[in-house]
Amino acid sequence: MRLAKQQALDDAEVERFLQAHDSNGALQLERQRLAEKRLTYDDLPRVAELLLNDDAVASLYRNHFSAVIVDEFQDLTPQQLRIVNRIGLGKTTYAGDLAQGIYSFAGAQPE
């Protein structure tokens, strides 16, 4: 489920991903989430990335923020980095320490 949700996939694409990977338990949970019209923690960055894939939406955010600062860069997931880049490309400052990269379990890739 985590692999599906860390991509810019809409709900139907998440379901197809789970079907293709024979993830019956995850597929059942996803269908229940949809039936209950809920968002889980993993859905929030996924939906944000989907919204920011629209150039008009990304432009609104880029124009609103004059700078973006990311601390603990080593702990960003690739998805979070894509989100930051859509909002702050060219005006982002990153700070981090590879020796403190502790979130690989959540998808961070410190290297």
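Our subject in this report is the structure included herewith. (Residues numbered from 1 in each chain as written. Predicted model: local features only at pLDDT ≥ 70, side-chain atom pairs only at ≥ 80, totals over all residues. Heavy atoms only, no water.)

## Focus: the packing of aromatic side chains
1) Next: All told, the structure shown has two aromatic pairs when counted by the stated rule.
2) Next: Considering the side-chain rings of Tyr61 and Phe65, the 6.4 Å spacing of their centres and the 20° angle between planes classify their relative orientation as stacked.
3) Next: Exposure remark for Tyr61: the relative accessible area of 41% places this residue in the partly exposed category.
4) Next: With a centroid separation of 4.8 Å and an interplanar angle of 70°, the aromatic rings of Phe73 and Tyr94 are classed as edge-to-face. Placement of Phe73 in the loop between β1 (68-70) and α6 (78-88) and of Tyr94 in strand β2 (residues 92-94) is noted, with a sequence separation of 21 residues between them. (Phe/Tyr/Trp six-rings, centres within 6.5 Å; stacked < 30°, edge-to-face > 60°. Buried < 20%, exposed > 50% of the residue type's maximum accessible area, 1.4 Å probe, protein only. Helix = DSSP H or I, 4+ residues; strand = E, 2+ residues; numbered from the N terminus.)

## Considerations on the pattern of salt bridges
1) Next: Applying the stated rule across the entire model yields 11 salt bridges.
2) Next: With its nearest N and O atoms 2.9 Å apart, the salt bridge here joins Lys5 to Glu30. Of this pair, Lys5 sits in helix α1 (residues 2-5) while Glu30 sits in helix α3 (residues 24-35), and the two are 25 residues apart along the sequence.
3) Next: Where salt bridges share partners, they join Lys5, Asp11, Glu30, Arg33, Asp43 and Arg46 into one cluster. (Salt bridge = Lys/Arg side-chain N within 4 Å of Asp/Glu carboxyl O.)

## As for the nonpolar core
1) Next: Formed by Leu52, Ala58, Val68, Val70, Leu76, Ile83, Val84 and Ile87, the largest nonpolar core amounts to eight residues.
2) Next: Elements represented by at least two residues in this core include exactly β1 and α6.
3) Next: Broken down by element, the residue count for this core peaks at three residues, all from α6.
4) Next: Not counting the four nearest positions on each side in its chain, Ala58 is found in contact with Leu52 and Arg86.
5) Next: With seven residues, the next largest nonpolar core counts Leu9, Val14, Leu18 and Leu27 among its residues. (Core = buried A, V, L, I, M, F, W, Y, C linked by side-chain atoms within 4.5 Å. Contact = heavy atoms within 4.5 Å.)

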